[in-house]
Amino acid sequence: MSGRASALLGLGVFVAALVTFGLVLMAVIRTDAPAVPTQTTTPSKLPQSARFAKQGDCVVNAGTDQQPDMILVVCAPHALEVIERVEGTIDVKVCQKFDGYRYHYFYDSELGDKFDFVLCMRRRNG
């Protein structure tokens, strides 16, 4: 076999192996990828943390009472609606001055008080 024929044969084997690898990789990705649950109206959006919540937004606790995981949701009856967001504190007593306040959530940032906040909330009427 000449040098040119060997090079073409080697290139053909390499391309075939590359195509096979790509097909196997696509098959594995399609079968192993878990569905991502969302609480938003847009299926392509991932749930957003309550860190982005502002007055008028609604949240739900996807965690537990001991380890809450508050995420933004579409406002609906019985959802927790943010009455006020108070920046720079984790003192939930600040919520007592807001009409309708019944629930709170605070975020204590490891980066300092500047990033701490409290969400003062109420349950939306059904």
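Structure's up top.
The model shown is predicted, which means the values in this text are computed figures rather than measured ones.

Peer 1: Would you take a moment to explain the pattern of salt bridges for this structure?
Peer 2: Pairs can form between side chains of opposite charge whenever their charged atoms are close. Summed over the entire model, instances satisfying the criterion amount to 4 salt bridges. A salt bridge links Glu81 to Arg122, with the nearest nitrogen and oxygen atoms 2.5 Å apart. Of the two residues, Glu81 is situated in strand β3 (residues 80-87) and Arg122 in strand β5 (residues 117-123); the sequence distance between them amounts to 41 residues. On the basis of relative accessibility, which here comes to 13%, the residue Glu81 falls in the buried class. Residue class for Arg122 comes out partly exposed when judged on its relative accessible area of 29%.

Peer 1: What should I look at first to understand the state of the cysteines in this one?
Peer 2: Two cysteines, two sulfur atoms, one covalent bond between them: this is a disulfide. With the rule as written, the count across this model stands at 2 disulfides. In this model, Cys58 is linked to Cys75 through a disulfide, with the two sulfur atoms separated by 2.1 Å. Sign of the S-S torsion, about 105 degrees for the bond between Cys58 and Cys75, identifies this disulfide as right-handed. With a gap of 17 residues between them, Cys58 in strand β1 (residues 58-61) and Cys75 in the loop between β2 (70-73) and β3 connect regions that are remote in the sequence.

Peer 1: Would you mind showing me how to read the environment of Asp91 here?
Peer 2: Here Asp91 is to be found in the loop between β3 and β4 (103-107). A sequence separation of 14 residues divides Asp91 from Tyr105, and the C-alpha atoms of the two residues are 9.9 Å apart. A polar side-chain atom of Asp91 sits 3.1 Å from the main-chain amide nitrogen of Lys93.

Peer 1: Honestly, the packing of aromatic side chains in this entry has me stumped. Any pointers?
Peer 2: Working definition: an aromatic ring pair is given by the centre-to-centre distance plus the angle between the planes. The full count for this structure, using the stated rule, is 2 aromatic pairs. Aromatic side chains Tyr105 and Phe117 sit 6.3 Å apart centroid to centroid with 55 degrees between the ring planes, which places their arrangement in the tilted category. Of this pair, Tyr105 sits in strand β4 while Phe117 sits in strand β5; the two residues are 12 residues apart in sequence, bridging distant segments of the chain. Grouping residues by exposure puts Tyr105 and Phe117 together as buried. Residues Tyr107 and Phe117 carry aromatic rings whose centres are separated by 5.5 Å and whose planes lie at 25 degrees to one another, so their mutual orientation is stacked. With a gap of 10 residues between them, Tyr107 in strand β4 and Phe117 in strand β5 connect regions that are remote in the sequence. You can call Tyr107 partly exposed: its relative accessible area is 26%. Taken together, the ring pairs in this structure connect Tyr105, Tyr107 and Phe117 into an aromatic cluster. It is Arg85 that lies over the ring of Phe117; its NZ or CZ is 3.9 Å from the centre. Of note, Arg123 hangs over the ring of Tyr103, and the distance from its end group to the ring centre comes to 5.1 Å.

Rules used in this analysis
- Residues numbered from 1 in each chain as written.
- Predicted model: local features only at pLDDT ≥ 70, side-chain atom pairs only at ≥ 80, totals over all residues.
- Heavy atoms only, no water.
- Salt bridge = Lys/Arg side-chain N within 4 Å of Asp/Glu carboxyl O.
- Helix = DSSP H or I, 4+ residues; strand = E, 2+ residues; numbered from the N terminus.
- Buried < 20%, exposed > 50% of the residue type's maximum accessible area, 1.4 Å probe, protein only.
- Disulfide = S-S within 2.5 Å.
- Polar contact = N/O pair within 3.5 Å; in protein donor to acceptor, adjacent residues only side chain to side chain.
- Phe/Tyr/Trp six-rings, centres within 6.5 Å; stacked < 30°, edge-to-face > 60°.
- Lys NZ or Arg CZ within 6 Å of the ring centre and 35° of its normal.

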